[in-house]
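# Examining the three-dimensional arrangement
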Amino acid sequence: MFRALVFVLAGVAAFAQPENWRKPFPAHKIAGNLYYVGTEDLACFVIATPEGHILINSGLADSTPLIRESMGKLGFKLEDVKILLTMQAHFDHVAALAEIQKITGAKMYATEPDAPALEDGGKSDTALKGNRFAPIRVDRKLKDGDVIRLGGVELVTHLTPGHSKGSASYSSKVEEKGKTYKALIANMGSVVMPLAGNAAYPEIAEDFARSFEAQKAMTPDIWVAGHASQYRMQEKYKAGSFVDPQGYKEAVEEYERLFRERLARERGER
Ligand SMILES: [Zn+2]
């Protein structure tokens, strides 16, 4: 189940781009007003409202036509996107956001610690050097607990840093067939830079530890993540349901275990 994750991490470390980052995947409803418009592995989400839409993540720089097509298949227009968000200021999730911002005039909301890397196109990010992207104008800086409102939707920002300085998760209630579900768009805590002696991000290990505590306290019914493989998207898509509270708990615990293992190794404890 976590083989896919190891593959993704290996891909990032080598600056290679796995084939499934670009491969199209059918656009689909996750539940209620939450939709998937990403590729086979780079997850992008739309939260649709009567007053326009929220787009979370963009994938790689050439993703705009794919997102437009996916939205079209769901009956939505890219031009109706009003708010842009991301889960982490890394090129594989944000590289087309500047272009989409230009097309739609949407406002980019970003967490305070991720805003600099978004605005300088990844220049200040030490984790994925050489993977620059078009700089994105940040219109609003988000703090932990900030509520993003659009067309009756209330999306809560959860700062879950570590993977990047300002990695974020977002939660909202979604209604599906008369039932209300707690949905979480969870930034999973995969480690892509040194934990010990990281001069560019000295508080990284503390941030990760706090983020895992925060995520363990969350109890979503439905959860998704930045990489489709992280939440076994294809399996759930085939099954026709994304309700998976136990899978969330297990995934967070597994990421924390991998983090603690690596931290101990880097500190020479094992
Ligand atoms: Zn990343």
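Note: the structure precedes this text.
Predicted, not measured: the structure shown is a model, and the values here were computed from it.

What counts and how
Residues numbered from 1 in each chain as written. Predicted model: local features only at pLDDT ≥ 70, side-chain atom pairs only at ≥ 80, totals over all residues. Heavy atoms only, no water. Phe/Tyr/Trp six-rings, centres within 6.5 Å; stacked < 30°, edge-to-face > 60°. Helix = DSSP H or I, 4+ residues; strand = E, 2+ residues; numbered from the N terminus. Buried < 20%, exposed > 50% of the residue type's maximum accessible area, 1.4 Å probe, protein only. Lys NZ or Arg CZ within 6 Å of the ring centre and 35° of its normal. Donors = N, O, S within 2.8 Å, 3.2 Å for Na, K, Ca; no water.

What follows covers the packing of aromatic side chains. A full pass over the atoms with the stated rule returns 11 aromatic pairs. When the ring of Phe208 is compared with that of Phe259, the centres are 5.1 Å apart and the planes differ by 35°; the resulting orientation is tilted. Note that Phe208 is positioned in helix H6 (residues 204–216) and Phe259 in helix H8 (residues 245–266), a separation of 51 residues in sequence. There is no split in this pair, since Phe208 and Phe259 are both buried. Aromatic rings pair up to connect Phe25, Tyr36, Phe45 and Tyr237 into one cluster. Taking the ring centre of Tyr109 as reference, the NZ or CZ of Arg140 above it sits at 5.0 Å.

Another point: the coordination of the zinc ion. Protein-derived coordination of the zinc ion comes from Gln88 (OE1), His90 (ND1) and His163 (NE2), at a distance range of 1.9 to 2.1 Å. One chain supplies every donor for the zinc ion, spaced along it as Q-x1-H-x72-H. We note that Gln88, like His90, is buried.

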